[in-house]
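Letter by letter, the chains look like this.
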Amino acid sequence: MSVLKRPIVTEKSQKLTTAGKFVFEVDMNANKIEIGKAVEKMYGVSVTDVNTVRQIGKKKSRMTRGRASSGLTSTFKKAIVTLKEGDLIDFYENL
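Parameters and conventions
Residues numbered from 1 in each chain as written. Predicted model: local features only at pLDDT ≥ 70, side-chain atom pairs only at ≥ 80, totals over all residues. Heavy atoms only, no water. Helix = DSSP H or I, 4+ residues; strand = E, 2+ residues; numbered from the N terminus. Buried < 20%, exposed > 50% of the residue type's maximum accessible area, 1.4 Å probe, protein only. Contact = heavy atoms within 4.5 Å. Lys, Arg positive; Asp, Glu negative; His and termini not counted. Charge placed at Lys NZ, Arg CZ, Asp CG, Glu CD. Core = buried A, V, L, I, M, F, W, Y, C linked by side-chain atoms within 4.5 Å. 1 Å grid on protein atoms, 1.4 Å probe; cavity = no way out; pocket = protein on both sides within 12 Å on 5 of 7 lines; lining within 4 Å. Points joined across faces, edges and corners; volume = space filled by probe spheres on them. Nonpolar A, V, L, I, M, F, W, Y, C, P; charged D, E, K, R; others polar. Phe/Tyr/Trp six-rings, centres within 6.5 Å; stacked < 30°, edge-to-face > 60°. Pairing = 2+ DSSP bridges.

Topic: the overall build of the protein chain
Right, on to step 1. Looking only at helices and strands, the protein chain has 2 helices and 6 strands in total.
Right, on to step 2. In the protein chain, the succession of helices and strands from N to C terminus is β-α-β-α-β-β-β-β.
Right, on to step 3. Projecting the C-alpha coordinates of the protein chain onto the three principal axes gives extents of approximately 55 × 25 × 25 Å.
Right, on to step 4. Here the protein chain holds 95 residues, and 25% of them are scored as buried.
Right, on to step 5. In the protein chain, 60% of the contacts between residues at least 6 apart in sequence involve partners at least 24 apart.
Right, on to step 6. Each charge class in the protein chain can be summarised by its mean position, and for the 18 positive and 10 negative side chains these summaries are 14 Å apart.

Structure below.
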């Protein structure tokens, strides 16, 4: 299984791209060294820093036909990768 699962494209992560930072969902067992090497290999860029965050799943509930249905969202790990000055990742190049 790959270390990188998918890029996270949100308003907040798009603002970080102006500072040379990109956000990815990664495997829960991956460490910062593995994440940095995976980004360098996949996108051909130089990584200077990697920060990781475990996003804990939230409790969700909704009403369906008068009954409450509840559950949890998944817990996942995300990595904020800082690239060397001048490097860029274009997620939309193959669309």
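Brief notes about the nonpolar core
Right, on to step 1. Residues Leu4, Phe24, Ile35, Val39, Val81, Leu83 and Ile89 are the most contacted members of the largest nonpolar core, which totals 15 residues.
Right, on to step 2. Among the secondary structure elements, those contributing two or more residues to this core are strand 2 (21-26), helix 2 (32-43), strand 3 (47-55) and strand 6 (76-83).
Right, on to step 3. Sequence-distant contacts of Phe24, that is, excluding residues within four places in its chain, are made with Leu4, Arg6, Pro7, Ile8, Val39, Tyr43, Lys77, Lys78, Ala79, Val81, Ile89 and Phe91.

A word on the layout of surface pockets
Right, on to step 1. Estimates place the volume of the largest pocket at around 170 Å³.
Right, on to step 2. Taken together, Ile8, Thr10, Lys12, Ser13, Leu16, Val23, Phe76, Lys78 and Ile80 make up the lining of the largest pocket.
Right, on to step 3. When residues of the lining of the largest pocket are traced back to their parent elements, those giving at least two are helix 1 (11-16) and strand 6.
Right, on to step 4. For the lining of the largest pocket, a count of residues per class yields 5 nonpolar, 2 polar and 2 charged.

Observations concerning the packing of aromatic side chains
Right, on to step 1. Applying the stated criterion across every chain yields a total of 1 aromatic pair.
Right, on to step 2. For the pair Phe24 and Tyr43, a centre-to-centre distance of 5.8 Å together with 35° between the ring planes defines the contact as tilted. Of the two residues, Phe24 sits in strand 2 while Tyr43 sits in helix 2, which places them 19 residues apart along the sequence.

Quick word on unusual backbone geometry
Right, on to step 1. Even without glycine at this site, Arg65 takes up a positive phi of about 50°.
Right, on to step 2. Tracing the backbone through its elements, the reader meets Arg65 in the loop between strand 4 (59-64) and strand 5 (67-72).
Right, on to step 3. Its relative accessible area of 88% is what places Arg65 among the exposed residues.

Some words on the pairing of strand 4
Right, on to step 1. Counted residue by residue, strand 4 has 0 buried out of 6 residues, so it is predominantly exposed.
Right, on to step 2. Pairing analysis gives 6 bridges linking strand 4 to strand 5, with the strands arranged antiparallel. Bridged to Thr64 within strand 5 is Arg67.
Right, on to step 3. Here strand 4 hands over to strand 5 after 2 residues, with Arg65 in that stretch at a positive phi of 50°.

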